[in-house]
Amino acid sequence: MHPIEAAYFHQSHLKGRQDYGHQVVSVMLSCNGITLNYAVILYDKTKSKIKIVQDIAAELPEAPVVSYFLCDSWYTSVDIMKSFLKKGFYTIGALKTNRILYPMGIRQKASELALHMRKSDPNVSLVTVDKRKFYVYRYEGNLNKISNAVVLLSYPEECFGNPKALRVFISTDVSLSTQEILDSYAKRWSIELFFRQSKQKLGLDKYQIRSSQGIQRYWLIMSLTHYLCCMFKGKYCTFEEGYFYTIKLKKERITAIYRLIQHGASLKDVLMIAG
């Protein structure tokens, strides 16, 4: 028996249970409206996810303009924030609701502070993000090992006060408005699209490779394919545009080759069409 290398049981938050397979750490880079995959790294437990992301931050060039590291609550650790800050990146990310805050110098979990939120509070505002409205409380102050940051406690308008609907966000750039922080965080959705596209179109969840090296090589080819689809027309386009254009072109070439063969074309002519 030859098991698949580097596969482990891990908690699937989507399925709500333990799942067996590979875990991936992925980083996207976005600039001037162009968003492309930068790294897809196998998490095999020989190195922590925090260390993996710190290493990625270390290899990035220093940001020439004000830039942001967007992440979910897995990566809003102080060590990661400091690694990106060294390269000129502020952090905007999600926080777990048990994160400790110090309003008025009183130590509280974010979830406990949220219990005292009122729509009429001066620090609470109604914000629209992607056509949805949220009641948001803005806290600015220190967290454990962070001297000053903005933390937003957010409820959907229709679920105000529901503990299960509470979402918490952090920005180490305290100059940003509440609207700017939430609009910026919403741009993190591109990484979720990358995984969805890779699974639905590029076989990320269907490969049958046993060796760790082979799996990582496959991911590299998959990432290159995703990039080529986004840049297929010689300029940036959506993945879907490039993917379907590629499929269409492939069908046209196959049809042309078939017709050439029907009419007795030479091997040389067929290879010219095949490219």
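Small disclaimer: the values here were computed from a predicted structure and weren't measured.

Turning our attention to the packing of helix α5 (residues 189-201) against helix α6 (residues 212-230). Their axes nearest at 11 Å, the elements α5 and α6 cross at an angle of 105°. Between α5 and α6, the crossing angle belongs to the class labelled roughly perpendicular. Contact residues: Phe194, Gln197 and Ser198 in α5; Met222, Ser223 and His226 in α6. Residues that form the contact of α5 with α6 fall into these classes: two nonpolar, four polar and no charged.

A few words on the environment of Thr246. Examined against the element boundaries, Thr246 turns out to sit in helix α7 (residues 239-262). Thr246 sits in the partly exposed class, given a relative accessible area of 27%. A sequence separation of 18 residues divides Thr246 from Leu228, and the C-alpha atoms of the two residues are 9.6 Å apart.

Moving on to the packing of helix α1 (residues 49-59) against helix α2 (residues 78-86). The axes of two packed helices give the description: the angle between them and the distance between them. Running from N to C, α1 and α2 cross one another at 5°; their axes reach a closest spacing of 9 Å. One finds that α1 runs roughly parallel with respect to α2. When α1 is examined against α2, the residues Ile50, Val53, Gln54 and Ala57 are found in contact with a partner set consisting of Asp79, Ile80, Ser83 and Phe84. Grouping the constituent residues of the contact of α1 with α2 by class yields five nonpolar, two polar and one charged.

Let's shift gears to α2. In an α-helix, one turn spans 3.6 residues, which is why side chains three or four residues apart end up on the same side. Along α2, the positions that sit buried rather than exposed are Val78, Ile80, Met81, Ser83 and Phe84. Elements in contact with the buried residues of α2: α1, β5 (67-71), β6 (89-95), β11 (146-156) and β12 (167-171). Downstream of α2 by a residue or two, Gly88 has a phi angle that is positive, lying close to 90°.

Listing the buried residues of α1 in full gives Lys49, Ile52, Val53, Ile56 and Ala57. The buried residues of α1 occupy one face: seen down the axis, they fall within an arc of 140°. Seen from the open side of α1, the exposed residues pointing more than 90 degrees away from its buried face are Ala58 and Glu59. Close packing links the buried residues of α1 with β3 (23-31), β4 (34-43), β5 and α2.

This part takes up the packing of aromatic side chains. Overall, the coordinates contain 13 aromatic pairs when judged by the stated rule. Where Tyr155 meets Phe160, the ring centres are 5.4 Å apart and the plane angle is 65°; that geometry is what we call edge-to-face. Residue class for Phe160 comes out partly exposed when judged on its relative accessible area of 25%.

A word on the pattern of salt bridges. The full count for this structure, using the stated rule, is six salt bridges. As a salt-bridge pair, Arg17 and Asp19 come within 3.9 Å of each other at their nearest N and O atoms. Asp55 is paired through a salt bridge with Lys51; the nearest N and O atoms lie 2.7 Å apart. Of this pair, Asp55 and Lys51 both sit in helix α1, four residues apart, roughly one helical turn. We classify Asp55 as partly exposed; its relative accessible area is 27%. Given a relative accessible area of 37%, Lys51 falls into the partly exposed group.

What counts and what doesn't
All residue numbers refer to position in the chain's written sequence, counted from 1. Since the coordinates come from a predicted model, pLDDT governs what is reported: local features require at least 70, and pairs of side-chain atoms require 80 or more to be given and counted, while whole-chain, interface and lining totals use all residues. Values shown for side chains rest on all heavy atoms present in the structure; no hydrogens or waters enter the calculation. Fitted lines through C-alpha atoms give the axes, limited to the stretch in contact for helices. The angle between two N-to-C directions lies from 0 to 180 degrees. A run of H or I in DSSP counts as a helix once it spans at least four residues, and a run of E counts as a strand once it spans at least two, with each numbered from the N terminus. Each angle gets one of four labels, with under 35 degrees taken as roughly parallel, over 145 as roughly antiparallel, 65 to 115 as roughly perpendicular, and the rest as oblique. The criterion used for residue contact is that any of the two residues' heavy atoms lie within 4.5 Å. Three classes are used, and their members are as follows: Ala, Val, Leu, Ile, Met, Phe, Trp, Tyr, Cys and Pro are nonpolar, Asp, Glu, Lys and Arg are charged, and the others, Gly among them, are polar. Burial classes: relative accessible area under 20% of the type maximum marks a residue as buried, over 50% as exposed, and values in between as partly exposed (1.4 Å probe, protein chains only). The reported arc concerns the directions from the helix axis to the C-beta atoms and nothing else. Stacked, tilted and edge-to-face pairs are distinguished by plane angle, under 30 degrees for stacked and over 60 for edge-to-face with tilted covering the rest, among Phe, Tyr and Trp rings (Trp via its six-membered ring) whose centres lie within 6.5 Å. Whenever Lys or Arg places a side-chain nitrogen within 4 Å of a carboxyl oxygen from Asp or Glu, that contact is recorded as a salt bridge.

Nothing here speaks to function; it is all geometry.
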